[in-house]
Amino acid sequence: MQLDINGLAYEIDISPQLPLLWALRDHLQLTGTKYGCGKGLCGACTVHLDGQPVRSCQTPVSALHGKKVVTIEGLSEDASHPVQRAWKQHNVPQCGYCQSGQIMSAAALLANNQQPTPAEIDTAMSGNICRCGTYPRIREAIRDASGQSAEKK
Amino acid sequence: MNTITTLSRRRFLALTGVASSGLVLMGSIPGTVLASVLDEAEGAPLNLFVSLKTDGTVEIIAHRSEMGTGIRTSLPQVVADEMEADWTRVHVIQGLANADYGSQNTDGSRSIRNFYQVMRQMGSAAQAMLRQAAANTWAADVRDVSAQQHRVHHRDGRSMGFGELATAAATLPLPDLNTLTLKDPSEFRYIGKSVPIVDLDDMCSGNTTYGADVRIPDMLFASIERTPTLQGKVKSYNEAAALKLPGVVKVVKIGGTALPSSFHALEGVAVLATDTYTALSARDSLDVQWNGGQHATFDSERYLDTLAERVSSGPGKVARERGDTDKALASAAKTVEANYRTPYLAHAPMEPPVATAHIHDDICEVWACTQTPQATQRAVAEALDLDVSRVKVHVTLLGGGFGRKSKPDYSVEAALLARASGKPVQVVWSREDDVEHDYYHSCSAQYYQGGLDQDGALTAWLAREATPPIRSTFDRDANIQDDGALNMTFGSIPFSVPNLRLESHVAETQVRIGWLRSVFNIPYAIGVGCFMDELAHAAGRDSVEFWLDTIGEDRHLDFAPEGFKFGNYGRSLKEYPYDTARLKGVIRQLRDSIPWGEALPEGEGWGISAARSFLSYVAVASKVKIVEGRLTVTEMHCVIDAGTVVNPDRVHAQIEGAMIFGLSLAMMGNIDFKRGAAVQSNFHDYPVARINQTPAVIKSHIIPSDALPAGVGEPGVPPVAPSIANAIFAASGQRIRDFPFNRHFNV
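Because the structure is predicted, anything quoted here is derived from the model rather than measured.

> Account for the overall build of chain A, with residues named and values stated.
Scanning chain A for helices and strands turns up six helices and five strands. Listed N to C, the secondary structure of chain A is β-β-α-β-β-β-α-α-α-α-α in terms of helices and strands. The globule rule puts the C-alpha radius of gyration for 153 residues at 15 Å, and the 15 Å found for chain A is close to it. For chain A, the C-alpha atoms occupy an extent of roughly 50 × 25 × 25 Å along the three principal directions. A buried classification covers 64% of the 153 residues belonging to chain A. Sequence-distant contacts, at least 24 apart, represent 56% of the contacts inside chain A between residues at least 6 apart.

Here you go:
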């Protein structure tokens, strides 16, 4: 299989049915993308496929032909993407495990909708579970990253 | 399917070209991954927790597990402050399992309250050694030298950096900790400040090592088909079918042990493969058949009916008694009674359990997302019949814990499979494994009866509970709550009611039971918090006023005269009194933070509740809106008095998270058992709170205090569920007494 991940081309001997999540984690050692449910229910494994957020646990590598994958490792070189900066400014992570997926979903949202409303933020982020409950800060960080001032606390 | 052998997997890729970014790839791929979080100190040790490199880097051991509380930052922050180390030159190192550190069991909201003083002493001792080393170098009187921000200064103007003094300081004896002069709080540089967590950058860039991110050369990945029922036994399985699949290396049966469950591996059949996906998917071909065993008829819905019948029909074992409750109830102007039932819950941390074991050179080395490295060490040593000293446990970051990861059964599995295969093995749990084989939060049935006088004052409180005890996980005969469990809200009610009696009924265990964030405070704060609201309503009183009046005058509670053994979360009542003034303080502050008493449209309402747990005092208010059967929580407010706070931002974060955790379990949390097996399996049928269910307004308020530090990770949870239930009543007149709310509303 040939894969285009974070701007690099890989030739890798794997089954076409293998979900991208496991190609990343076990075959390419890109472990920033996380397993959370294996059923596309939690969003921990979210990556970008041609700029759109997808659940890598539900995406067989056979579906990647001619498409570009970006993972958390490739979002920026030094955690400087506006979403990552906003995440740090609001101290969003607690345990941190779901945050790769949260950040990838948020980055895709803002790439497609530069000024999302609170309702649009909730809709776009509702596929990403955070068991620690960082949701209030995720909302604020996304509003900040979109150049909208965070709601007054 | 392509053949994937161990060899080709290790050669995992061929780089065919460098694309547009021009980055050289291979250098960015970690090989044998043991990220910095797992390394060991390199500097000269000043004490058990602090080392110093000659370049001035201060290495501080984090001996507690990071599962989201920020403890890898907060405790080192305390050390650095007392040491006068420059925080930007601190490198935090995750400690291995080591009894010398004291308890590493990161649960019970204990890290700050049990180690705040110790960490201050470690920092101060390190500073004293640096000052002494400088004084020796200068042949000066140590009283003439002081330390400030990584340098030691003589009053005559000479100074040396910490790094320059490292070698000399490390040769000095550890000073007597009792002779140290700790800082006055006015001198704190970091304590009480919202220092960002040390893992923040890495967590925002995926550069982290959680349990499943550990890679050891030649390792295998294992996935286990476990008994669906407690004490079930493997009848048969198809080993050959699994072994035919490419990538499958070995199939191993793990024999279960007799009760109690303790931290033993469950009976099961493991598939060992060269990659995770093969290990997970090959299990289907095993076609394991089970003998269900004695618990295979267990039905949790029917069982809760049984427990509810027990508590409402007759007296149980008395845990605490004051006055003559029966007489007071008989002569009350008004009596109120209610039954509450709460279900089993699963922890469902975002990272399911996972552990890696490697047996080499007569030792077993374990890497695990564990809350309890020393218990992991002991459990693995027992399973492999090794001396504890032969088990080395590395702690990775934890993708959530909530109590699940203080049970090291999954590390035991990894160790058994490493021994059986002769290879390093990583045991991965799928989400289904996690939900179906948890140490479940226990179900509970409670019955309450209260008496009110003509003026609406509480005269009698009768409470009975039946809750399968956690002790049953360690003692197969344990079938009734003891005072240690009843400590959690049920037994420690702070009310000045003249007559009270608290009773327990037998509740046999049919599944593995364990502790979940705030433990039995969850069901008991629901019982107590909801019943208080029912009493207030029956008395025609405002709930806040009723709480304050029923708690009564300012005093320190003493439970001993009423026959109740109050453990006070492991601390003496002298150090940490149960102070009713502080409980009333958080309730009053809460009332003043919200428009309590405001006129609201039809279908909206506020509810409150309060509890003291883990030595902290917490009150929560929730506002709900109910429209055509759809329940929405629109606001939540929490006030906590946790005494001294080290990192306010992380306390706020814990409280925000606790509100959402509590909302989640109140709205949707439910595990059922049919024919002995868990019905739910993943987030589609065991839903947890999502962002679109999160109230638009979530606010936490910390009461400023210089009292001894108390718990933070758990105490935010208990008052949440009852506050929402009480808000539902205010909004709709409907009392929800059987949880969760999605039995009654769309959520």
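> Before we move on, could you go through the domain arrangement of chain A and cite the residues and values that matter?
Interfaces are often sized by the amount of accessible area the parts lose when they come together. Residue and element names in this part refer to chain A. As far as domains go, chain A holds domain 1 (2-75) and domain 2 (82-145). The straight-line distance from the C-alpha centre of domain 1 to that of domain 2 is 20 Å. At the junction of the two partners, domain 1 supplies 18 residues and domain 2 supplies 13 residues. On the domain 1 side of the interface with domain 2, the three residues burying the most area are Cys42, Ile72 and Leu75, jointly 33% of the side's total. Where domain 1 touches domain 2, the interface holds zero salt bridges. Taken together, the connections running from domain 1 to domain 2 amount to six residue pairs in polar contact (both at pLDDT 80 or more). Class assignment for the residues of the side of domain 1 that touches domain 2 results in nine nonpolar, seven polar and two charged.

> Could you give an account of the pairing of strand β21 (residues 458-466) of chain B, with specific residues and numbers?
All names here are of chain B. For β21, the tally of buried residues reaches nine of nine residues, placing the bulk of the element in the interior. Sheet topology places strand β20 (residues 444-452) next to β21; eight bridges connect them, and they run antiparallel. Paired with Gly450 across the bridge in β21 is Trp461. Hairpin connection from β20 to β21: five residues lie between these consecutive antiparallel strands, with Gly456 at a positive phi of about 80 degrees. Note: β21 against strand β22 (residues 499-504), six bridges, orientation parallel. Counted as the bridge partner of Ala463 is Leu502 from β22.

> Could you give me a rundown of the packing of helix α4 (residues 99-112) of chain A against helix α5 (residues 118-125) of chain A, with the residues and numbers involved?
All names here are of chain A. Packing of α4 against α5 brings their axes to within 10 Å, and their N-to-C directions diverge by 130 degrees. In terms of orientation, α4 lies oblique with respect to α5. Relative to α5, α4 is oriented so that their crossing is right-handed. Between α4 and α5, the residues in contact are Gln102, Ser105, Ala106 and Leu109 and Glu120, Ile121, Ala124 and Met125, respectively.

> Tell me about the packing of helix α3 (residues 82-89) of chain A against helix α6 (residues 135-145) of chain A, residues and numbers included.
Residues and elements named next belong to chain A. Running from N to C, α3 and α6 point in directions that differ by 130 degrees, and their axes come no closer than 8 Å. By the angle between their axes, α3 is oblique relative to α6. Where α3 crosses over α6, the two elements pack in a sense that is right-handed. Each of Pro82, Val83, Ala86, Trp87 and Gln89 in α3 lies in contact with α6, whose residues at this interface are Ile138, Ala141, Ile142, Asp144 and Ala145. Split by residue class, the contact of α3 with α6 holds eight nonpolar, one polar and one charged.

> I'd like a description of the UniProt feature "domain: Aldehyde oxidase/xanthine dehydrogenase a/b hammerhead" (unreviewed entry) in chain B, backed by residues and values.
Mapped onto this structure's residue numbering, the UniProt feature "domain: Aldehyde oxidase/xanthine dehydrogenase a/b hammerhead" (unreviewed entry) falls at residues 205-294 of chain B. Each end of residues 205-294 of chain B is marked by a C-alpha atom, and these two atoms are 49 Å apart; helix forms 13% of the span and strand 30%.

> Before we move on, can you summarise the environment of Ala99 of chain B with the specific residues and values?
Residue and element names in this part refer to chain B. In this structure, Ala99 sits in the loop between β5 (90-94) and α3 (111-138). With relative accessibility at 55%, the residue Ala99 sits in the exposed group. As a C-alpha pair, Ala99 and Gln374 span 275 residues in sequence and 6.9 Å in three-dimensional space.

> Outline the environment of Phe741 of chain B, listing residues and values.
Residues and elements named next belong to chain B. In this structure, Phe741 sits in the segment after α18 (720-732). Spatially, the C-alpha atoms of Phe741 and Glu503 are 27 Å apart, while their sequence positions differ by 238 residues. The contact partners of Phe741, leaving out residues within four places of it in the chain, are Leu631, Ala666, Met667, Ala721, Ile724, Ala725, Ile728 and Ile736.

Rules used in this analysis
- Position numbers for residues count from 1 along each chain, tracking the sequence in the order it is written.
- The naming scheme follows written order: chains are lettered A onward, ligands numbered 1 onward.
- Local features in this predicted model are restricted to residues whose pLDDT is 70 or higher, and side-chain atom pairs enter the listing and the counts only when it is 80 or higher, whereas totals over whole chains, interfaces and linings include all residues.
- Side-chain descriptors were evaluated using all non-hydrogen atoms of the structure, hydrogens and water having been removed beforehand.
- The helix count covers DSSP runs of H or I at least four residues long, the strand count covers runs of E at least two residues long, and both are numbered beginning at the N terminus.
- Both definitions apply: the radius of gyration is a C-alpha atom measure, and the globule rule equals 2.2 Å times residues to the power 0.38.
- Partly exposed residues are those whose accessible area sits between 20% and 50% of the maximum for their type, while under 20% is buried and over 50% is exposed, using a 1.4 Å probe and protein chains only.
- Any pair of residues with heavy atoms lying within 4.5 Å of one another is described as a contacting pair.
- Domains are outlined according to an automatic or database domain assignment.
- Here the buried area means the combined drop in accessible surface, using a 1.4 Å probe, for two parts upon being joined, counting both sides.
- Any carboxyl oxygen of Asp or Glu that lies within 4 Å of a side-chain nitrogen of Lys or Arg is treated as forming a salt bridge with it.
- Whenever two N or O atoms come within 3.5 Å, that pair is a polar contact, provided that in protein one can donate a hydrogen and the other can accept it, and provided that, for residues adjacent in sequence, both atoms are side-chain atoms.
- When residues are grouped by polarity, Ala, Val, Leu, Ile, Met, Phe, Trp, Tyr, Cys and Pro land in nonpolar, Asp, Glu, Lys and Arg in charged, and all others, Gly among them, in polar.
- Strand pairing is assigned whenever DSSP detects at least two bridges linking the two strands.
- Every axis in this analysis is a line fitted to C-alpha atoms, fitted for helices over the stretch in contact. Angles between the N-to-C directions lie between 0 and 180 degrees.
- By definition in this entry, angles of less than 35 degrees are roughly parallel, angles greater than 145 are roughly antiparallel, angles of 65 to 115 are roughly perpendicular, and the rest are oblique.
- What makes a crossing left-handed is the near helix being turned counterclockwise from the far one by less than a right angle; a clockwise turn instead makes it right-handed.
- UniProt positions are given in the numbering used here, feature names are shortened, and annotations may be inferred rather than shown by experiment.

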